[in-house]
Amino acid sequence: MFIIGNGTVITHDENNTVLQDGAVVTAGDSILDYGTLDKMRDIYSDASFINAEGGLILPGFIDAHEHIYSMMARGMAVDLPKHADLNMILQNLWWKLDAALTNELVYESAMAAYMELVKNGVTTVIDHHAAYGEIADSLSAVASAAKAFSVKSCLCYEVSDRAGKAKMQQAVLENERFIKEAAESKLLAGLMGLHASFTLSDETLQYCAEHCAGAGYHVHVAEGTVDQEDCLNKYGLRVVERFKKFGILGEKTIAAHCIHINDAEMQLLQSSNTAVIHNAQSNMNNAAGCPRVLEMLKKGVLVGLGTDGYTHDILASWKTAVLLHKHVLQDATAGDGELYQAMFFNSRKIAQRYFAREMGIIKKGAAADIVIADYRPPTPLNAQNVSGHLLFGVSGKDISFTMAQGKIVMQDRHLATLDEEKIIENCRHGAAKLWQKLR
């Protein structure tokens, strides 16, 4: 049992409750209680004390669309033509990289990525994986790293026709296998992963449906204009309409990006209760465009936030999203409340669809996912201005302590039980081997 106290508790509950000089009590993998530090110490006198030293005590963050396999691409030379679009980036970088990944490389990459995730306060991640160099058991390689860090992980394998029919079928079966494996775990969940409409034939979508077993899908939707153009030319449908035809939309499905969709597609997403994930930094980096996220939210679409593998710092992705929509709309008031809601409340609702335990909130019975931010407010902090303090005052590197599932995984910016230098060394060595293969 732990008391995490001597700080300001930000619960992110329905009232956005803030407790000055607060404390959170954890027992096993659950939050047992919370309140003022003096009261918690009186009630739970035998608990071990973790001192927040005046910082912020928050529920762990949720990254709702990741590409953990991208870790070894950092710093890699990529030959792109001028005015490269998303399709050129896929062909010249990501599809070459994932075609060379083995399970060993995937594991080393995942260990480094999870290390960065917990160091940035992320305790729940929804990942979209691709590794066509070795498909069988590839998701288990990622899951092994997730277990090492106790990070709740909803995983899928990216099904695509780009590597041929045999590998497409192997990818579907890897999803099916892992969905069954994850069903026995409190830490893991599985979905049927799809790349995007323009790399998926009707036959492939039908094959996926036959092996999905009601688990739901995780798919890129209209991230680039080529996705819509291909769908209209081949099928006479827009992307979201095509996915509706195949029964892909629904409460268990995640539609990442949704940059180039129209009002009718937004309505289909809303009426089917399909979740959308906004990835601002990645979209900007790929010059893919800015989705009409604020309109989606106004129409009742459940929109959460992800990093898309561009970074493992979800706070940075949120901050960029806020700036992006102000800039595009030329409105300094745009997006503040909406994107705060997407980051700290909607992503939680989305993740909750895949895990039994509540997360992303400090309340009795919720998952013991707790982080401390080394931030001492220079101005008053209360329920009305929490978002402003987090937006302008806190970054991922301010996270000094991370507890996931009741386990201390980072303290004082150092991993509690894992060898950080060894993880980095293994990833660096693996990346060198991978880059050599890609020359």
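As the structure is a prediction and not an experimental result, all values here were calculated from the model.

The rules behind each value
Residues numbered from 1 in each chain as written. Predicted model: local features only at pLDDT ≥ 70, side-chain atom pairs only at ≥ 80, totals over all residues. Heavy atoms only, no water. Core = buried A, V, L, I, M, F, W, Y, C linked by side-chain atoms within 4.5 Å. Buried < 20%, exposed > 50% of the residue type's maximum accessible area, 1.4 Å probe, protein only. Helix = DSSP H or I, 4+ residues; strand = E, 2+ residues; numbered from the N terminus. Contact = heavy atoms within 4.5 Å. Phe/Tyr/Trp six-rings, centres within 6.5 Å; stacked < 30°, edge-to-face > 60°. Arc of directions from axis to C-beta. Pairing = 2+ DSSP bridges. 1 Å grid on protein atoms, 1.4 Å probe; cavity = no way out; pocket = protein on both sides within 12 Å on 5 of 7 lines; lining within 4 Å. Points joined across faces, edges and corners; volume = space filled by probe spheres on them. Salt bridge = Lys/Arg side-chain N within 4 Å of Asp/Glu carboxyl O. Polar contact = N/O pair within 3.5 Å; in protein donor to acceptor, adjacent residues only side chain to side chain. Nonpolar A, V, L, I, M, F, W, Y, C, P; charged D, E, K, R; others polar.

**Describing the nonpolar core**
Item 1. Membership of the largest hydrophobic core comes to 114 residues, with the highest contact counts inside it found for Tyr 114, Leu 194, Val 221, Trp 318 and Leu 390.
Item 2. A total of 10 residues in this core trace back to one element, the largest contributor, which is helix 3 (residues 103–119).
Item 3. Dropping the residues within four chain positions of it, Leu 194 is found in contact with His 128, Tyr 157, Glu 158, Val 159, Leu 200, Leu 205, Cys 208, Tyr 217, His 218, Val 219, His 220 and Ile 248.
Item 4. In terms of nonpolar packing, the next biggest core, distinct from the first, is built from 16 residues, Ile 62, Cys 154, Ala 275 and Ile 350 among them.

**Points about the packing of aromatic side chains**
Item 1. Counted under the stated rule, the structure contains seven aromatic pairs.
Item 2. Geometrically, the ring pair formed by Phe 61 and Phe 344 is edge-to-face, given 6.2 Å between the ring centres and 65° between the ring planes. Pair noted here: Phe 61 is in strand 6 (residues 61–66) and Phe 344 is in helix 13 (residues 336–352), with a separation of 283 residues, a long-range link.
Item 3. According to the relative accessible area criterion, Phe 61 is buried, its value standing at 4%.

**Some thoughts on helix 7 (residues 225–235)**
Item 1. The set of residues buried in helix 7 consists of Asp 227, Gln 228, Asp 230 and Cys 231. Burial along helix 7 is one-sided: seen end-on, the buried residues are contained in an arc of 165°.
Item 2. Lining the buried residues of helix 7 we find strand 11 (192–196), strand 12 (217–221), helix 8 (239–245) and helix 9 (263–272).
Item 3. Backbone geometry just downstream of helix 7 places Gly 236 in the positive-phi region, at approximately 65°.

**Points about the pairing of strand 2 (residues 18–27)**
Item 1. Pairing of strand 1 (residues 2–10) with strand 2 involves seven bridges; the strand directions are antiparallel. Across the sheet, the residue bridging to Ile 4 is Val 24, located in strand 2.
Item 2. Turn length for the strand 2-strand 3 (residues 30–36) hairpin, with the two strands adjacent in sequence and antiparallel, is two residues, and the turn residue Gly 28 shows positive phi of about 60°.

**Here we look at the layout of surface pockets**
Item 1. Of the voids in this model, the second largest pocket is the one considered here, and its volume is about 300 Å³.
Item 2. Along the walls of the second largest pocket sit 14 residues, with Met 71, Arg 74, Ile 424, Cys 427 and Arg 428 positioned nearest its centre.
Item 3. With seven residues, the top contributor of residues to the lining of the second largest pocket is helix 15 (residues 420–438).

**Side note on the pattern of salt bridges**
Proximity of charged atoms lets side chains of opposite charge pair with each other.
Item 1. This model, assessed by the stated rule, comprises 19 salt bridges.
Item 2. For Glu 420, the salt bridge identified is with Lys 119, shortest N-O distance 2.8 Å. With Glu 420 in helix 15 and Lys 119 in helix 3, the pair connects residues that are 301 residues apart, well separated along the chain.
Item 3. Residue class for Glu 420 comes out buried when judged on its relative accessible area of 18%.
Item 4. Residue Asp 263 is joined to Arg 292 by a salt bridge in which the shortest nitrogen-to-oxygen separation is 2.3 Å. Within this pair, whereas Asp 263 is found in helix 9, its partner Arg 292 is found in the loop between helix 10 (280–285) and helix 11 (293–298), the two being separated by 29 residues in sequence.
Item 5. Under the relative-accessibility criterion, Arg 292 is labelled partly exposed at 28%.

**Some words on the side chain of Thr 253**
Item 1. Within the element layout of this structure, Thr 253 appears in the loop between helix 8 and strand 13 (254–257).
Item 2. Since its relative accessible area comes to 2%, Thr 253 is described here as buried.
Item 3. At 3.2 Å, the side chain of Thr 253 and the backbone nitrogen of Tyr 217 are in polar contact.
Item 4. Discounting chain neighbours no more than four positions away, the residues touching Thr 253 are Gly 216, Tyr 217, Ile 248, Thr 274, Ala 275 and Tyr 354.

**Here's the deal with empty space enclosed by the protein**
Item 1. One pass over the full model with this rule turns up one cavity of 30 Å³ or more.
Item 2. Here the largest cavity is characterised by a volume of approximately 70 Å³.
Item 3. Together, His 12, Pro 59, Gly 60, Phe 61, Ile 62, Met 343, Phe 344, Arg 348 and Gly 360 line the largest cavity.
Item 4. At the level of secondary structure, the elements contributing two or more residues to the lining of the largest cavity comprise strand 6 and helix 13.
Item 5. Per-class residue counts for the lining of the largest cavity are five nonpolar, three polar and one charged.

**Let's talk about helix 9**
Item 1. For helix 9, every residue scored as buried is listed here: Glu 265, Met 266, Leu 268, Leu 269 and Ser 272. On an axial view of helix 9, the arc spanned by its buried residues comes to 160°, and they lie on one face.
Item 2. Of the residues flanking the end of helix 9, it is Asn 273, one or two places downstream, whose phi is positive at about 65°.

**As for unusual backbone geometry**
Item 1. Phi is positive for Asp 137, close to 70°, though the residue is something other than glycine.
Item 2. The phi dihedral of Gln 405 is positive, around 55°, even though this residue is not glycine.
Item 3. A residue is classified by how much of its surface remains accessible, and Gln 405, at 14% relative accessible area, is buried.

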